[in-house]
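# Chain and residue survey
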Amino acid sequence: MAEITHAGHESGAAEKPDMTWKIVGGLVGLSVGFASRKVLTFAWQKTTGKKPPASADSLDISLGEAIAYAVVMGLGMEVARIVAMRAAAKKWHSWKSETETKL
């Protein structure tokens, strides 16, 4: 998660991260993780015609399917997280800048 400082910029070594951003960023991360997992599960079912494996370690599925599922879920969730966190950080920075200029 990108650390946002009180000034609204990515943190350097000497600056403290904004605690409100940490909370907002955490909530964004949780909600994006939940939503992206639901979307990817739906896409997996539509594409393969099967439910996603309950466990990639299960011997009931092929090694290829287990690897494919892990790649799709890992890549999909990480891309969704990066996009959402960057958008949230950009919005947070613009909101903080507007708030500071009004004061």
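Attention in this report is confined to the structure presented alongside it. (Residues numbered from 1 in each chain as written. Predicted model: local features only at pLDDT ≥ 70, side-chain atom pairs only at ≥ 80, totals over all residues. Heavy atoms only, no water.)

Right, let's talk about the overall build of the chain for a bit. Across its full length, the chain carries 2 helices and 0 strands. By residue count, 22% of the 103 residues in the chain fall in the buried class. Taking the contacts inside the chain whose residues are at least 6 apart along the sequence as the reference set, 54% of them involve residues at least 24 apart. Accessible area of the chain: about 7400 Å², with a carbon and sulfur share of 65%. (Helix = DSSP H or I, 4+ residues; strand = E, 2+ residues; numbered from the N terminus. Buried < 20%, exposed > 50% of the residue type's maximum accessible area, 1.4 Å probe, protein only. Contact = heavy atoms within 4.5 Å. Areas by Shrake-Rupley, 256 points an atom, 1.4 Å probe, with all protein chains shown as cover.)

Here Lys51 lies in the loop between helix H1 (19–48) and helix H2 (63–102). Residues Lys51 and Thr41, spaced 10 residues apart in sequence, show a C-alpha to C-alpha distance of 7.7 Å. Discounting residues that sit within four places of it in the chain, Lys51 has contacts with Trp44 and Gln45.

Our focus in this paragraph is the pattern of salt bridges. Going through the model one piece at a time under the given rule, you end up with 2 salt bridges. Here Lys50 makes a salt bridge to Glu65, at a shortest N to O gap of 3.1 Å. Remark: Glu65 occurs in helix H2 and Lys50 occurs in the loop between H1 and H2; sequence separation between them is 15 residues. A residue is classified by how much of its surface remains accessible, and Lys50, at 44% relative accessible area, is partly exposed. (Salt bridge = Lys/Arg side-chain N within 4 Å of Asp/Glu carboxyl O.)

Turning next to the packing of aromatic side chains. The description of an aromatic ring pair rests on the distance of the ring centres and on the angle between the ring planes. Per the stated rule, a full pass over the model turns up 3 aromatic pairs. Where Trp21 meets Trp92, the ring centres are 5.8 Å apart and the plane angle is 45°; that geometry is what we call tilted. A residue pair is termed long-range when its members are at least 10 positions apart, and Trp21 in helix H1 and Trp92 in helix H2 qualify at 71 residues. Judged by centre distance (5.3 Å) and plane angle (80°), the rings of Trp44 and Tyr69 are edge-to-face. You can see Trp44 sitting in helix H1 and its partner Tyr69 sitting in helix H2, a full 25 residues away along the chain. Grouping residues by exposure puts Trp44 and Tyr69 together as buried. An aromatic cluster is built from Trp21, Trp92 and Trp95, whose rings are joined through pairwise contacts. (Phe/Tyr/Trp six-rings, centres within 6.5 Å; stacked < 30°, edge-to-face > 60°.)

So, about the nonpolar core. Core analysis: the largest hydrophobic core is formed by 8 residues, namely Trp21, Val28, Val32, Ala84, Met85, Ala88, Ala89 and Trp92. Elements that contribute at least two residues to this core include exactly H1 and H2. For this core, the element with the highest residue contribution is H2, accounting for 5 residues. With near-sequence residues (within four places) excluded, Ala88 lies in contact with Trp21 and Val28. (Core = buried A, V, L, I, M, F, W, Y, C linked by side-chain atoms within 4.5 Å.)

So yeah, pure geometry; function would need other evidence.
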